[in-house]
Amino acid sequence: MKKIPFITKEQAEELKKQYPTPFHLYDEKAIRENARKVKEAFSWNKGFKEYFAVKATPNPTILQILKEEGCGTDCSSYTELLMSEAVGITGSDIMFSSNVTPGEDFVLARKLGATINLDDFTHIDFLEKVAGIPETISCRYNPGGLFQINNDIMDTPGEAKYGFTREQLTQGFKKLMEKGAKHFGIHAFLASNTVANEYYPKLARILFQTAVELKKETGADITFINLSGGVGIAYTPDKEPNDIMAIGAGVKEAFEEILVPAGMGDIAIFTEMGRFMLAPYGCLVTTVLHEKHTYKEYIGVDACAANLMRPAIYGAYHHITVLGKENAPCDHKYDVTGGLCENNDKFAIDRMLPKIDIGDILVIHDTGAHGFSMGYNYNGKLRSAEVLLKEDGTSQLIRRAETPKDYFATFDFMNIF
Ligand SMILES: *Cc1c(COP(=O)(O)O)cnc(C)c1O
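Every value quoted in this text rests on a predicted model; they were computed, and no experiment measured them.

**Regarding the overall build of the protein chain**
Alright, step 1. In terms of regular secondary structure, the protein chain is built from 12 helices and 19 strands.
Alright, step 2. Computed over C-alpha atoms, the radius of gyration of the protein chain comes to 23 Å, within 12% of the 22 Å expected from 2.2 N^0.38 for 417 residues, which places it in the range of a compact globule.
Alright, step 3. Overall, the protein chain is about 70 × 55 × 45 Å in size when its C-alpha atoms are taken along their principal axes.
Alright, step 4. Going through the 417 residues of the protein chain one by one, you find that 52% of them count as buried.
Alright, step 5. The long-range fraction of contacts in the protein chain, counting pairs at least 24 apart against all pairs at least 6 apart in sequence, stands at 69%.
Alright, step 6. Put simply, the protein chain shows about 18,400 Å² of open surface, and 51% of that area lies on carbon and sulfur atoms.

Structure follows, in structure tokens:
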């Protein structure tokens, strides 16, 4: 599918007057429409809830929008819990899916009434010691081995640090019941960025079957199954995007085949999507500063890997549009680079694009999730602003850009800056 930015050159030029580039821009209308579609896809399940993975786009305004669309939050750290609380998402509207969890994080999660999703069998004793065992609790399952769909290896759970083994789930449920837990959930995250409508249904089958077994083995009251994240998006134009309606229908089929006949038809389905909820509805807007002609043709922009590190760390593809040249022929081959003193600071390598001139504005697509949030301060680069394109076409600053003062803030005890 041809990738079209959600802003025009004229809009970008207007925005640039208020917010210097680079900045991350989010499309409120599209975020809301997608969230509604997710809800509709799972409307067959009475207890369905999407717990947005805060780490994907940790911004209170974004969380507020999703809250208005009926979402909760999936938190994995102390500060993510605080952000969720700040926008009024508390109690069972928070899923706390952490790993290698510090004691104070469990204490805060318990204080907020969040549903805790334990990553490990040994966390049962740890949680009891630091914060007590709640009545409702979830355990994360890792079946090990390879996760395959139609012989394609999607991911390697056996190499992943997360979750209980199958045997530990049984022992864990029994142990938690002895310690007073009454209601249970099961969670698993077996593959990341899956662009295949079969992922959730296949995962659901594994979890549903496991739930039936666990109920038989332990008598536990299983009230929800959490399919977690991992539903991907089409970063490249040649990929067919996931169809959330087909995904919801696939999970329903598994539900009716496995859970309903086992008398477990009132189980709630939860999801913890991050990427699918936000990635396509954000972009990084950046201006061309330099062009360089050496052994290759380079375009240097004012954003760098500190604003979006997926290309640098995973070699991830992010589509690029040169605004105002949407229909020009892609007859120039460029490396599009940022200014870090790191040769992996390249948004694109050998990318065919229209002829680019200094001052052109580029849109780097699909940065709405795991974009800004992975940012860092290497080379003293400052984090950018985040801007919301609202439904009425106006814009709102939802995070200001960092200033040198922010960068130096942790030296505030030294009085030299
Ligand atoms: C990262 C993460 C998610 C979200 O993953 P996406 O790929 O962004 O959907 C959900 N749950 C847990 C536990 C995670 O670590």
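**What about the site of the ligand?**
Alright, step 1. Taken together, 14 residues surround the ligand, and among them Lys55, Glu272, Gly274, Arg275 and His370 come closest.
Alright, step 2. Between lysine 55 and the ligand, the recorded distance is 2.7 Å, taken from a side-chain N or O atom to an oxygen atom.
Alright, step 3. At a separation of 3.0 Å, an oxygen atom of the ligand approaches a polar backbone atom of glycine 274.
Alright, step 4. Of the residues belonging to the shell around the ligand, the class tally is three nonpolar, six polar and five charged.

**Examining unusual backbone geometry**
Alright, step 1. With an omega of 0 degrees, the peptide bond running from threonine 21 to proline 22 counts as cis.
Alright, step 2. Mapped onto the elements of the fold, proline 22 is located in the loop between α1 (9-18) and β1 (23-27).
Alright, step 3. Look at asparagine 379: it is not a glycine, yet its phi comes out positive at around 60 degrees.
Alright, step 4. Overall, the relative accessible area of 37% leaves asparagine 379 in the partly exposed class.

**Details of the packing of helix α2 (residues 28-41) against helix α3 (residues 60-68)**
Alright, step 1. Contact geometry of α2 with α3 gives a least axis separation of 10 Å together with a crossing angle of 40 degrees. With respect to α3, the axis of α2 lies oblique. The two elements α2 and α3 meet at a crossing, and its hand is right-handed. Together, Glu28, Ile31, Arg32 and Ala35 of α2 and Ile62, Ile65, Leu66 and Glu68 of α3 make up the contact between the two elements.

**Notes on helix α7 (residues 166-178)**
An α-helical turn contains 3.6 residues, so a residue and the one three or four places further along point in the same direction.
Alright, step 1. With 13 residues, α7 extends 19 Å from end C-alpha to end C-alpha; this agrees with the ideal 18 Å at 1.5 Å per step.
Alright, step 2. Buried residues of α7: Arg166, Leu169, Thr170, Gly172, Phe173, Lys175 and Leu176, and no others.
Alright, step 3. Where α7 is buried, its residues touch β5 (115-118), α6 (123-130), β6 (136-140), β9 (183-187), α8 (199-218) and β10 (221-226).
Alright, step 4. A positive phi of about 110 degrees marks glycine 180, the residue just after α7.

**Some words on the packing of aromatic side chains**
Alright, step 1. Tallying each qualifying case throughout the model produces 17 aromatic pairs.
Alright, step 2. Where phenylalanine 147 meets tyrosine 199, the ring centres are 5.5 Å apart and the plane angle is 80 degrees; that geometry is what we call edge-to-face. On the criterion of sequence distance, the pair formed by phenylalanine 147 in strand β7 (residues 147-149) and tyrosine 199 in helix α8 is long-range, its members being 52 residues apart.
Alright, step 3. The buried category is assigned to tyrosine 199, whose relative accessible area is 1%.
Alright, step 4. Ring geometry for tyrosine 376 versus tyrosine 378: centroids 6.4 Å apart, planes at 25 degrees, classification stacked.
Alright, step 5. Look at tyrosine 376 and you get partly exposed, because its relative accessible area is 22%.

**A few points about the nonpolar core**
Alright, step 1. Counting residues in each nonpolar core, the largest one holds 83 residues, and the members touching the most others are Tyr200 and Phe208.
Alright, step 2. Broken down by element, this core gets its largest block of residues, nine residues, from α8.
Alright, step 3. With sequence-adjacent residues up to four places away left out, phenylalanine 208 is seen in contact with Ile225, Val251, Ala254, Phe255, Ile258, Leu259 and Ile269.
Alright, step 4. In this structure, Val301, Val336, Ala348 and Ile364 belong to the second largest nonpolar core, which totals 16 residues.

**A look at the pairing of strand β19 (residues 395-399)**
Alright, step 1. Bridging between strand β18 (residues 385-389) and β19 involves four bridges; their strand directions are antiparallel. Looking at the pairing, leucine 388 lines up with glutamine 396 of β19.
Alright, step 2. The antiparallel hairpin formed by β18 and β19 contains five residues in its connecting segment, where glycine 393 sits at a positive phi of about 90 degrees.

**Description of the side chain of serine 384**
Alright, step 1. Note on placement: serine 384 falls in the loop between β17 (361-364) and β18.
Alright, step 2. Among the residues examined, serine 384 registers a relative accessible area of 4% and is labelled buried.
Alright, step 3. Those residues in contact with serine 384 that lie beyond four places of it in its chain are Pro22, Phe23, His24, Asn307, Phe372, Arg399, Arg400 and Ala401.

**Observations regarding a nonpolar patch on the surface**
Alright, step 1. Side chains of Phe411, Phe413, Met414, Ile416 and Phe417 sit close together on the surface and give an oily, nonpolar patch of about 580 Å² of accessible area.
Alright, step 2. Looking at where phenylalanine 411 falls in the secondary structure, it is placed in the segment after α12 (404-407).

**Digging into the pattern of salt bridges**
Alright, step 1. With the rule as written, the count across this model stands at 27 salt bridges.
Alright, step 2. Of the charged contacts in the structure, one is a salt bridge between glutamate 257 and arginine 205, with a shortest N-O distance of 2.9 Å. On the criterion of sequence distance, the pair formed by glutamate 257 in helix α9 (residues 244-259) and arginine 205 in helix α8 is long-range, its members being 52 residues apart.
Alright, step 3. Across the salt bridge formed by aspartate 406 and arginine 400, the nearest N and O atoms sit 2.6 Å from each other.
Alright, step 4. For arginine 400, a relative accessible area of 48% gives the class partly exposed.
Alright, step 5. Overlapping salt bridges, with partners in common, bring together Glu28, Arg32, Arg36, Glu68, Glu69 and Glu391 in one network.

Conventions adopted
- Residues numbered from 1 in each chain as written.
- Predicted model: local features only at pLDDT ≥ 70, side-chain atom pairs only at ≥ 80, totals over all residues.
- Heavy atoms only, no water.
- Helix = DSSP H or I, 4+ residues; strand = E, 2+ residues; numbered from the N terminus.
- Rg over C-alpha atoms; globule rule 2.2 N^0.38 Å.
- Buried < 20%, exposed > 50% of the residue type's maximum accessible area, 1.4 Å probe, protein only.
- Contact = heavy atoms within 4.5 Å.
- Areas by Shrake-Rupley, 256 points an atom, 1.4 Å probe, with all protein chains shown as cover.
- Near = heavy atom within 4 Å.
- Polar contact = N/O pair within 3.5 Å; in protein donor to acceptor, adjacent residues only side chain to side chain.
- Nonpolar A, V, L, I, M, F, W, Y, C, P; charged D, E, K, R; others polar.
- Axes fitted to C-alpha atoms, helices over the stretch in contact; angles between N-to-C directions.
- Parallel < 35°, antiparallel > 145°, perpendicular 65-115°, else oblique.
- Left-handed = near helix turned anticlockwise from the far one by under 90°.
- Expected span 1.5 Å × (residues − 1).
- Phe/Tyr/Trp six-rings, centres within 6.5 Å; stacked < 30°, edge-to-face > 60°.
- Core = buried A, V, L, I, M, F, W, Y, C linked by side-chain atoms within 4.5 Å.
- Pairing = 2+ DSSP bridges.
- Patch = residues over 30% accessible without salt bridge, like charges linked within 9 Å, V, L, I, M, F, W, Y side chains within 5 Å.
- Salt bridge = Lys/Arg side-chain N within 4 Å of Asp/Glu carboxyl O.

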